[in-house]
Structure formats: structure tokens, C-alpha cells
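Listed here are the chains, written in short residue letters.
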Amino acid sequence: MHISDGVLPTAVAVGCYGLSAALAVWSARRSRSRELPKLAVMTAAFFVASLVHVPFGPTSVHLIIPGLTGALLGPSAFLSIGLGLLLQCLLFQFGGLTALGANALMMGLPALACGWFFQAFKGVPPLRQSIVGGLAGALGTVLAALVLAGLLMTGGEDFAGVAKIALLAHVPVILIEALVSGFTVGFLARVKPELLKPAYLRGA
Amino acid sequence: MVNAIHIHLPLWQLFLLVLAPLAVPAILVAWLRHVVRRRSAPGEDPDWSVPPLADEAGGGSWFHRWDVRSKIVTLLAYSFMIASLQRLGPALAAIGISLLALIIARAPLAKVLMRLLAIAGFVGMFLVVMPFTVPVRHADTVLIVNGLTGLGFNLRGLALAAAITAKAVAIALLMEPLLSTAPLPVTLHGLSRLGVPEMLGQMVLLSHRYLHVFRHEAQRMVAGMRVRGFRQRTDLETLRALSNFLGMLFVRSFERTERVFEAMQARGYKGRFPEPRPLRLRAADLLLAVAWLALGAALIVWDRLAV
């Protein structure tokens, strides 16, 4: 779920832009500058992954994977997500030009939190990594939903109902994100464990 | 003391008065989806992405000739102006202006429709939820059906949601004139000349390029899964298979990333791409920018002053 134009008060939208820009600069500093082109190419991979739709009963939900992005990219994840949203603007998908900063915060902050969480608790055995990855996936979705609701609430009491519904809509997604993140991390732990190490493609 | 106007209605009148106007956009969205689906081959997942951005040849419209720097600044500032409108009237006028811009820029209808479809879900949520959840204030009009006082349909909420929708649509319609009336490298070059770090533009170019590569790779992998009998269902096995698919996608992408970067360095990449074309700022560009921003300011004045 992305925030569209015209929903947030202008001051909030502008403030989110400023905060996102600052965080993106921080994120770029934390990545080695010669690695930034690599980060760009990996962003393309995450973008493609986020286009995958998972069947859910009669409908389907598309993955957000802030947890996975954070777990794999660490502090660089914020820059990567901002880049992804910019791409989304460019392609004929979600516009959200004025809400770009808010959307970057909504996805990027959870990704940073999940990256820290995953690296702090992942341990060594693949099963444990998989479980921690799943928890990171759930955490990422919960945080994203909370940030979304918080941003909507800045519009005043008129927006409280919508914020509640938006929170509820994320509940089934939490389970799916957790399972997918967990399985994916488990797969990577077996197939290419160095991707899960903190030193790979991220700031020293 | 809440002093709202309560109007009691039998059920059928509610359908007529309120649900019918809501049904129109819903049907429109359903039709758009149908059109999109029909474009992709039967039995396959719809193609979720990505036509190439602007055609290098370009059209001859104002937007194509407008200096990319002043175009970006103007339309970004104008978008924020639109986003801060509060009433439906000016927001609808903004949609009109956007439509005019679309016609002038000769934007392809299909891409514009896709953009509208992309915001339909989020905006639809506001249209459905807000009338029922907005707190009742002084002089609100609330429609109450069959005496169900708990489920009042607040017209102020509907108006609020409609204004949000109109603003979102107006800005979404401007994306095509803003972004696809110049080739992507030129737009990004303009951004970097405006003070955005050059590396960001390069990263967008690289991601955009490899987005297509990885998408094709993903499609090949999905085709392979289908051949081996994979069908999507709502169960754990589907999720496990999809996760392995994602993991494999990441592994391959990381490996390709390494190769790409080595190849770039082998060709002498030192953190810069060549400048696509020199930019020139003419008086007409500035004039257009000023006129456009004045239009936005006029809309805001109308929004705030008119009764």
C-alpha cells in the first residue's frame, strides 16, 4: 500500500521529503561509494521481487519485503528503497510525486530496523536464520503499517477511521511476508550464505 | 453539542443517492483492469511492468521543448500546490488543467490509464471508508438508513474523500507530461544540474536498465516453474516455492551485479557517464514556468478565499 498524492497535509509531506533526503544521504555515506552502482543493480532485483504477486484466496497481494531488503542490504536499504520508489514514479506505476518522501519513510524506516534486528539476532544455524528472517519480515510489515497509520493520523481526526482500516488490511500481509521472508532467508542460508553476512555490499 | 443535520432514508434511496455515484468509478476501475488483462496473453499473469520510457524521437509539443530543469521545478512545485488544496471545486479544476496538459503533451492514453489504475486501490479505500468514519461535526449532513444510527453516511466525509481523490488524480495525470516528454538520461541530467547528487541519477539509470534484465530473467524462471507443474494456490507450498524463486533471483542478481561492475570498470568507469546533451534555458522556458506556477497560485487563492 502506498500513500497517494493529496492525502497528507502539505507540511507533513514536505517534512517527510526533508527527513527522507537526510536519511538517504546517511544511507549513501554508510555504503562505500564505489559500491553504489552495485546497489543500483541490486535495487532492480528487489524491485522485480516486489512485483511478484502472491495468491491470497480469491485475490492476490504483492510483496513489499521491507524486512528482506533490510536484512540483505543493511544501512544501504534506505537508499535502495528510495531509488525503488523513484523508479516506480518513472515507470507507469504509482505516481505519488508529493508523497514520495512519506512513502520512503514508510518502507525505509522498517527496512533499517529489520536490518539491524536480523544482523543482531540471526545466529549461525540456517534454521535459526530462517526464523529470524521470518520475524524480520513480520516486523517490517508491522512497522510499515504503523508508520502509514501514523502519517494518515496527521491529517486530523477525520482520518482516524481510514488509518484503522489501513492497519487492519495489513494483518493478512504480515503472515505472508513473514513466511516468504523466512523461506527466502532459509534458501539463501543454504545456497549462498555470504549474502546474509554484514560485510557484503554494505558499509564496513 | 453536536448539531448535525440528520436525514433518515429508506434503504433503496440510499442506493440511488450515494452508491450509484460510487459505482461509477468502481465500474471504471473494473473495466480498466479488464483492458489490461486482455492485453496480456490468456492464462498468463499480466505483465506487471515496464514499457521503455520516452521515445528518443519525441513529439513536438511544448512539453518536449520545455527545458527539462524548469519543467521539473515547475511541475514539482505545482504538484505541491495542488496537494495543498482543500476543496473539491479547485481540485476538479486542477484535473481539468492536467487533462489539458495531457492533450498538449500527446501522452499515450494507455500509460495514463495505468497510472490511474495504480492509485485506484488506495484512493478507493478513502472513498469507501471516510463517509462512515468521519466524526460528525456541526452542520454536517448525515444520511441514516433504516434507523441504523451507528452507520451514518456523512456527506462531509464523502466530500473530503472526493477532494483527496481529485487531487491524487490531478497529480497522477501530470506524471506523463513531466516524465515521458524527455528521454530518461536527459531528465536525470536536468536533475543533477539542479543540485541532486550526480550519483543518484546514475543509480536510477542503472536500476532502470537492469530492471528490464531481471524482469526477463524472472519471467524465464517462472516459465520453468510452470513447465515443472507449479501452480499458484493459497497454501504453504506455494509460498515456499515462491520464496525459493525469490532467493534464486537474488543470488543470480548479486552474481550478475559483480560481473556488471567489473565490466564497467574494465571499460574505464570512474563514477561518471557522458553528458547526454547540453541544456539550454531560454526565456520561453521561464515564461512557461512562471505562467504555470501563477495558475497553481490562482487555484490556491480560489481554494482559500471563495465561500
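Each value, and the rule that gives it
Each chain has its residues counted from 1, following the order in which its sequence is written. As a convention, the first chain written is A and the first ligand written is 1, with the rest following in written order. For this predicted model, a pLDDT threshold of at least 70 governs which residues receive local features, and a threshold of 80 or more governs which side-chain atom pairs are given and counted, while totals over whole chains, interfaces and linings are taken from all residues. Excluding hydrogens and water, the side-chain values take into account all heavy atoms of the structure. Numbering of helices and strands runs from the N terminus, with a helix taken as a DSSP run of H or I at least four residues long and a strand as a DSSP run of E at least two residues long. Note on exposure labels: buried denotes an accessible area under 20% of the residue type's maximum, exposed denotes more than 50%, and partly exposed covers the range between, all computed with a 1.4 Å probe on protein chains only. Residue contacts are defined here by distance: any two heavy atoms, one from each residue, within 4.5 Å place the two residues in contact. In this text, buried Ala, Val, Leu, Ile, Met, Phe, Trp, Tyr and Cys residues form a nonpolar core when linked through side-chain atoms within 4.5 Å. Domain delimitation follows an automatic or database domain assignment. Whenever Lys or Arg places a side-chain nitrogen within 4 Å of a carboxyl oxygen from Asp or Glu, that contact is recorded as a salt bridge. The axes are straight lines fitted to the C-alpha atoms, using for helices just the contacting stretch, and the angles between their N-to-C directions are given from 0 to 180°. In what follows, roughly perpendicular refers to angles from 65 to 115 degrees, roughly parallel to angles under 35, roughly antiparallel to angles over 145, and oblique to any angle outside these ranges. Handedness of a crossing is defined here by the sense of rotation of the near helix relative to the far one, left-handed for an anticlockwise turn of less than a right angle and right-handed for a clockwise turn. When residues are grouped by polarity, Ala, Val, Leu, Ile, Met, Phe, Trp, Tyr, Cys and Pro land in nonpolar, Asp, Glu, Lys and Arg in charged, and all others, Gly among them, in polar. To pair, rings of Phe, Tyr and Trp, with the six-membered ring standing in for Trp, must have centres within 6.5 Å; the planes then decide the type, stacked if under 30 degrees apart, edge-to-face if over 60, and tilted in the middle. Two conditions define a charge located above a ring, namely a distance within 6 Å from the ring centre to NZ of Lys or CZ of Arg, and an angle within 35 degrees of the ring normal.

Student: Looking at this structure, I do not really get the overall build of chain A. What am I missing?
Tutor: A tally of regular secondary structure across chain A gives seven helices and two strands. Across chain A, helices and strands are ordered from the amino to the carboxyl terminus as α-α-β-β-α-α-α-α-α. The buried share of chain A, reckoned over its 204 residues, is 63%. Nonlocal contacts in chain A, meaning residues at least 24 apart in sequence, comprise 75% of its contacts between residues at least 6 apart.

Student: Help me understand the nonpolar core in this model?
Tutor: Side chains that are nonpolar tend, in soluble globular proteins, to be buried together. The biggest cluster of nonpolar side chains holds 141 residues, and the ones touching the most others in it are Ile3(A), Leu152(A), Phe126(B) and Phe250(B). A domain split of this core shows at least three residues from each of domain 1 (1-34 + 47-181 + 280-307) and domain 2 (184-275) of chain B.

Student: Would you mind showing me how to read the pattern of salt bridges here?
Tutor: Should the charged atoms of two oppositely charged side chains come close, the side chains can pair. Enumeration over the complete set of coordinates arrives at twelve salt bridges over all chains. Here Lys192(A) and Glu255(B) are joined by a salt bridge, their closest N and O atoms 3.5 Å apart. Here Glu255(B) lies in helix 9 (residues 236-266) and Lys192(A) lies in the segment after helix 7 (160-191), a pairing that spans two chains. Overall, the relative accessible area of 12% leaves Lys192(A) in the buried class. By relative accessible area, which is 35% here, Glu255(B) ends up partly exposed.

Student: Sorry, what's going on with the packing of helix 4 (residues 88-105) of chain B against helix 10 (residues 283-305) of chain B here?
Tutor: When two helices pack together, their arrangement is given by the angle between the helix axes and by the axis-to-axis distance. All names here are of chain B. In contact at an axis separation of 9 Å, helix 4 and helix 10 are set at 160 degrees when each is read in the N-to-C sense. With respect to helix 10, the element helix 4 is oriented roughly antiparallel. Crossing of helix 4 against helix 10: the hand is right-handed. Within the contact between the two elements, helix 4 uses Gly-89, Pro-90, Ala-93, Ala-94, Ile-97 and Ala-101 and helix 10 uses Trp-292, Leu-295, Leu-299, Trp-302 and Asp-303. For the contact of helix 4 with helix 10, a count of residues per class yields nine nonpolar, one polar and one charged.

Student: Would you mind showing me how to read the packing of aromatic side chains here?
Tutor: By convention here, two paired aromatic rings are described through the distance between centres and the angle between planes. Residue and element names in this part refer to chain B. One pass over the full model with this rule turns up eleven aromatic pairs over all chains. Ring centres 6.1 Å apart and planes at 45 degrees place the aromatic pair Tyr-210 and Phe-214 in the tilted group. A residue pair is termed a helical-turn pair when its members lie 3 or 4 positions apart in one helix, as Tyr-210 and Phe-214 do in helix 8 (residues 198-227) at four residues. Phe-214 gets classed as buried once you look at its relative accessible area, which sits at 0%. The structure contains a cluster of three or more aromatic residues connected by ring pairs, namely Phe-63, Trp-66, Tyr-78 and Trp-292. If you follow Arg-209 out to its NZ or CZ, it ends over the ring of Tyr-210, 5.9 Å from the centre.

Just geometry here; none of it tells us what the structure is for.
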